Amino acid sequence: TRADYRGQAGHPKSVVDNKWSDQPLPDQPGEDEPYLRARTALCWLLTIPGAPMLYAGDAYGEFGASDPDNRHPFRGLAVSGSGVKPGALNAREQGLLATARKLGAARQQLAALRQGTYQSLGATEDTLPFVRAAPGGDAAVVVVHRGSKAAILTLKLSQLGWKAGAAKEHVGLGATLSVNAGVGTATLPPRSCAVFTAP
């Protein structure tokens, strides 16, 4: 909601501090940008060291103002005889939830994301590339990109000993990383992230 109320005309920032129904409460975001910003935040949260904490609804971008309007019922999933399905979520929320699930699966599958060390690969104003390396030698290269345009980064990866080729990507947002002679070239779409493992 804070990402949605950025001071646009007719969309004042003060609405997110309202509390009661006698005040104008925020509506559900009606554009992509708030969900893309939330996606970037989830990318960072689920790939940095430490245990991630998600409140009910964070994974799909639940909206709301200050307490008590921040306590909307969880509406993320519906359970049926054939398994768990998206509930009353719009396409933007379902997309955010799908990314959160992929990041969670990557964290579960890759020891480097759960217990690996952290090594910066040189952050910029819009990009945060880093390596998570597990004690057993497995490593993951993570790139979080908050910019509104696509980014191309050159990353020094010689410390990983990766062979040349295209790295495996685990989040599925269209990012790529090619490795050659210890140097990686990463390409990321706007407001996205990627988790790469060895080619």
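As a reminder, the structure under discussion sits directly above these lines.
Parameters and conventions
- For every chain, the first residue of its written sequence is number 1, and the numbers climb from 1 along that sequence.
- Per-residue local features of the predicted model are confined to residues with pLDDT of at least 70, and side-chain atom pairs are confined, for both listing and counting, to 80 or more; whole-chain, interface and lining totals are unaffected and use all residues.
- For the side-chain quantities, the full set of heavy atoms in the structure was used; hydrogens and water were omitted.
- Salt bridge, as used here, is a side-chain nitrogen of Lys or Arg placed within 4 Å of a carboxyl oxygen of Asp or Glu.
- Under the scheme applied here, a residue whose accessible area is under 20% of the maximum for its type counts as buried, over 50% as exposed, and between as partly exposed, the area being computed with a 1.4 Å probe on protein chains only.
- Strands are runs of DSSP state E lasting at least 2 residues, helices are runs of H or I lasting at least 4, and numbering of each runs from the N terminus.
- Whether two residues touch is decided by their heavy atoms; if any such pair falls within 4.5 Å, the residues are in contact.
- Criterion used throughout: strands pair if DSSP finds at least two bridges between them.

### As for the pattern of salt bridges
Tallied over the entire structure, the rule returns nine salt bridges. One salt bridge connects Arg 71 with Asp 67, and the closest N-O pair in it is separated by 2.9 Å. With relative accessibility at 57%, the residue Arg 71 sits in the exposed group. Between Arg 146 and Asp 126 there is a salt bridge, with its nearest N and O atoms 3.3 Å apart. Placement of Arg 146 in the loop between β5 (139–145) and β6 (151–156) and of Asp 126 in the loop between β3 (117–120) and β4 (127–133) is noted, with a sequence separation of 20 residues between them. Take Arg 146: its relative accessible area is 46%, and that puts it in the partly exposed class. When salt bridges with common partners are traced through the structure, they connect Arg 6, Glu 31, Glu 33, Arg 37 and Arg 191 into a single cluster.

### Overview of the side chain of Arg 107
Among the structural elements, Arg 107 can be located in helix α2 (residues 91–109). When near neighbours in sequence (up to four residues on either side) are disregarded, Arg 107 contacts Leu 46, Thr 47, Ile 48, Gly 50, Ala 51, Pro 52, Leu 113 and Arg 114.

### Quick notes on the sheet that holds β6
Sheet architecture is open: four strands sit in the order β6-β10-β9-β7, paired in antiparallel fashion. Each end of this open sheet is capped by a strand with a single partner; those strands are β6 and β7 (165–166). Pairing of β7 with strand β9 (residues 176–180) involves two bridges; the strand directions are antiparallel. In the sheet register, Gly 165 faces β9, and the bridge partner there is Val 179.

The values are spatial; any link to function lies outside them.
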